[in-house]
Amino acid sequence: MMVREWDPRTASSAEIASLLATLNAVLAADLPQDPPWRETSLREYLAEVMPGERRISWIAQAEPTTPGDPGAVLGQVHVLLLGDIGVIEVLVHPSARRTGLGRDLVLRAARRVYQEGFRSIGVEVVGDTPAIGFYESLGFNREYVETRSVLDLTSVDWAELAEMATGIGAGYQLEFFPGGPPDDLIEAYARAKAEVRDVDDGELRPSSYDPERLRDSLDTLHRRGMKPYIVLARHEQSGEVAGLTEVVVPAQHPTRADQYDTIVAQDHRGYGIDRAIKARMLLELRSAEPELIEVQTWNAQANEAMLKVNAELGYRPDRDWCEYSVDVAELVHRLDPPR
Ligand SMILES: CC(C)(COP(=O)(O)OP(=O)(O)OC[C@H]1O[C@@H](n2cnc3c(N)ncnc32)[C@H](O)[C@@H]1OP(=O)(O)O)[C@@H](O)C(=O)NCCC(=O)NCCS
């Protein structure tokens, strides 16, 4: 096995295809209900980042078996450097596990994060998979737990959903925007996000709250092959964005979409906006994305109001999704003691 730094932008198509095969073997082993990924825009997904961020990757490649064979990609790690932390993701093919490869890959990434002067490493770890024992053995600490829930669209009562979508207090109007909010709404949209960011605590998914950053994040999504859809609730009298919900359909797994933020501004809570905008979104996606059969969402266990609405829509709790972190200096010194 050879581990080396790897740039998805210049990688051969054979390497991208081999990495995809490993990713799908990992999913089949650890998350068998998740749809396999496709190669569509996979290179872009791995390469594109927000302005100001950097992603650095390494792969573990098997020895070539025949001349000209590039060698299967059996492991990968990448670290996204943002703010003062590095967020890592590690994958090891099920056939290559428990040989120390995962640990070796984390060490490569950790050394770099350390050299670059970042203080901590964060990672999202899926409950009930080997990754929990792995990160705990490396001294990572659990910071935060969310629940992933999945909605099966084949079990949805569409008539009931249509009713939910219209069951909203008078004075609000719902609007659907495939591709993201139009430019003249970016400011109001960012304001709604910023307000809730001040009020609500603990968010796992990065959220963009100033107009510039929001534009950048929409642009980055598009470049990574991920199509955003937005439903807004507008307060007719003030024109304010009273609520919004975002779903992203990734080209890499277009049968399962990701629910991103759902926000209802303080002054507009209690009018059924949460339920209505999510129901409207599902109705729109049904025609906009004919391949779609599931939507997944992540919620803090403490967010009872949102969990209740999601249960009404038919979401079923699936897995814990845990955020772990570790002090980089400690990790590097533990894994790589000075000789
Ligand atoms: C987590 C993962 C990277 C570990 O890779 P690996 O190469 O098997 O890890 P290592 O061999 O370096 O293991 C190092 C230590 O971690 C711990 N560990 C690893 N797997 C473990 C498991 N299944 N149970 C308990 N502890 C485990 C052990 O302490 C192990 O040391 P040991 O083998 O000497 O006991 C691998 O299982 C993986 O790719 N999982 C999927 C990760 C992922 O992100 N999936 C996303 C979609 S599900």
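Just so you know, these numbers come straight off a predicted model, no measurement behind them.

1. Comments concerning the nonpolar core
No. 1: Grouped together as the largest cluster of nonpolar side chains are 34 residues, with contacts concentrated most on I88, I121, F140 and L331.
No. 2: Those elements giving two or more residues to this core turn out to be β2 (54-61), β3 (73-82), β4 (85-92), α3 (101-115), β5 (120-126), α4 (130-137), β12 (316-327) and α10 (328-335).
No. 3: The greatest single-element share of this core, amounting to seven residues, is contributed by α3.
No. 4: Excluding residues within four positions of it along the chain, I88 makes contact with H78, V79, V106, A109, I121, G122, V123, Y135 and F140.
No. 5: W158, F176, L282 and Y315 belong to the second-largest nonpolar core, a separate cluster that totals 30 residues.

2. Thoughts on the site of the ligand
No. 1: As a structural note, the neighbourhood of the ligand is formed by 18 residues, with V92, R98, G100, G102 and R103 the closest of them.
No. 2: Between the ligand and D30, the relevant distance is 3.5 Å, taken from a nitrogen atom to a side-chain nitrogen or oxygen of the residue.
No. 3: Taking R98, its main chain carries an N or O atom lying 2.8 Å from an oxygen atom of the ligand.
No. 4: In isolation the ligand has 930 Å² of accessible area, and contact with the protein removes 75% of it.
No. 5: Counting residues per element, the shell around the ligand draws most heavily on α4, which supplies five residues.
No. 6: The residue inventory of the shell around the ligand, partitioned by class, reads nine nonpolar, five polar and four charged.

3. Some words on the packing of aromatic side chains
No. 1: Tallying each qualifying case throughout the model produces six aromatic pairs.
No. 2: The interplanar angle of 75 degrees and the centroid separation of 4.9 Å between the aromatic rings of F134 and Y135 together place this pair among those described as edge-to-face.
No. 3: The exposure class of F134 is partly exposed, given its relative accessible area of 21%.
No. 4: Judged by relative accessible area, which is 4%, Y135 ranks as buried.
No. 5: Through successive ring pairs, a cluster of aromatic residues spans F134, Y135 and F140.

Rules of the game
- Residues numbered from 1 in each chain as written.
- Predicted model: local features only at pLDDT ≥ 70, side-chain atom pairs only at ≥ 80, totals over all residues.
- Heavy atoms only, no water.
- Core = buried A, V, L, I, M, F, W, Y, C linked by side-chain atoms within 4.5 Å.
- Buried < 20%, exposed > 50% of the residue type's maximum accessible area, 1.4 Å probe, protein only.
- Helix = DSSP H or I, 4+ residues; strand = E, 2+ residues; numbered from the N terminus.
- Contact = heavy atoms within 4.5 Å.
- Near = heavy atom within 4 Å.
- Polar contact = N/O pair within 3.5 Å; in protein donor to acceptor, adjacent residues only side chain to side chain.
- Areas by Shrake-Rupley, 256 points an atom, 1.4 Å probe, with all protein chains shown as cover.
- Nonpolar A, V, L, I, M, F, W, Y, C, P; charged D, E, K, R; others polar.
- Phe/Tyr/Trp six-rings, centres within 6.5 Å; stacked < 30°, edge-to-face > 60°.

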